Amino acid sequence: MRGLRSRVQHLGCPRLHALLRCWERQQLDVVCLQETHVRAEDIDLVTADLRAAALRLHVREWTAWWAPAPTPHQRVSGGTAILIRTCLLEQGAVTFPGGVAAPSVADGAWVG
């Protein structure tokens with residue numbers, strides 16, 4: 001699987017670790033990603049990777065909403081994610097009409 005779960009060779013670490021460090025240094029609270037290459041069946045795995053990486057690196061946690069990449073016959077491309085600092089949701093600094101949860105992937109919608 002490419003995209004977020006791949007390694008950054010010149011840094012010698014997973015891409016997700018490099019991104020989390022970068023976002024922490026820049027003090028970002030909301031991040032939008034394109035070309036995640038995350039398929040619907042991999043969302044739980046990548047979400048768990050995101051949590052584990054944040055704990056391992058001692059950085060703040062993120063809550064993610066995924067629009068999965070289509071699964072063509074050959075190469076996976078596409079996919080989008082919106083990540084928001086979990087603490088902003090817990091403190092009520094960011095709210096969503098109708099709550100945080102989104103409709104299911106089966107309905108062709110974002111997953112949170």
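Up top is the structure these notes are about.
Residues numbered from 1 in each chain as written. Predicted model: local features only at pLDDT ≥ 70, side-chain atom pairs only at ≥ 80, totals over all residues. Heavy atoms only, no water.

A. Just the sheet that holds strand 3 (residues 30-34), in detail. The strand order 3-5-4 describes an open sheet built from three strands, whose pairing is antiparallel. The two strands at the open ends of the sheet, each matched to only one other strand, are strand 3 and strand 4 (62-67). Across the sheet, the axes of successive neighbouring strands diverge by a mean angle of 15°, strand direction being ignored. By the bridge criterion, five bridges tie strand 3 to strand 5 (residues 80-85) in an arrangement that is antiparallel. Bridge pairing in strand 5 places Cys32 opposite Ile82. (Pairing = 2+ DSSP bridges. Helix = DSSP H or I, 4+ residues; strand = E, 2+ residues; numbered from the N terminus. Axes fitted to C-alpha atoms, helices over the stretch in contact; angles between N-to-C directions.)

B. Here's a closer look at the packing of helix 1 (residues 15-25) against helix 2 (residues 43-57). Two numbers describe how helix 1 lies on helix 2: the axes approach to 10 Å, and their chain directions differ by 60°. By the angle between their axes, helix 1 is oblique relative to helix 2. The chirality of how helix 1 crosses helix 2 is right-handed. Between helix 1 and helix 2, the contacting residues are Leu16, His17, Leu20 and Arg21 on the first element and Asp49, Leu50, Ala53, Ala54, Arg56 and Leu57 on the second. Looking at the contact of helix 1 with helix 2, its residues break down into six nonpolar, one polar and three charged. (Parallel < 35°, antiparallel > 145°, perpendicular 65-115°, else oblique. Left-handed = near helix turned anticlockwise from the far one by under 90°. Contact = heavy atoms within 4.5 Å. Nonpolar A, V, L, I, M, F, W, Y, C, P; charged D, E, K, R; others polar.)

C. Up close: unusual backbone geometry. One non-glycine residue, Gln27, lies in positive phi territory at about 55°. Looking at the secondary structure, you find Gln27 in the loop between helix 1 and strand 3. A positive phi angle is found at His37, which is not glycine, with a value near 65°. Mapped onto the secondary structure, His37 falls in the loop between strand 3 and helix 2.

D. Region of interest: the nonpolar core. Ranked by internal contacts, the top residues of the largest apolar core, which has 18 residues, are Leu20, Trp23, Leu50, Trp62, Trp66 and Leu83. Contributing elements (two or more residues each) for this core: helix 1, strand 3, helix 2, strand 4 and strand 5. The biggest single contributor to this core is helix 2, with six residues. (Core = buried A, V, L, I, M, F, W, Y, C linked by side-chain atoms within 4.5 Å. Buried < 20%, exposed > 50% of the residue type's maximum accessible area, 1.4 Å probe, protein only.)

E. Fine view of the pattern of salt bridges. Applying the stated criterion to the full structure yields five salt bridges. Glu24 is the partner of Arg85 in a salt bridge, and the nearest nitrogen-oxygen pair spans 3.1 Å. Remark: Glu24 occurs in helix 1 and Arg85 occurs in strand 5; sequence separation between them is 61 residues. Between Arg39 and Glu41 there is a salt bridge, with its nearest N and O atoms 3.5 Å apart. Several salt bridges converge on common partners, so that one network encompasses Glu24, Asp29, Arg60 and Arg85. (Salt bridge = Lys/Arg side-chain N within 4 Å of Asp/Glu carboxyl O.)

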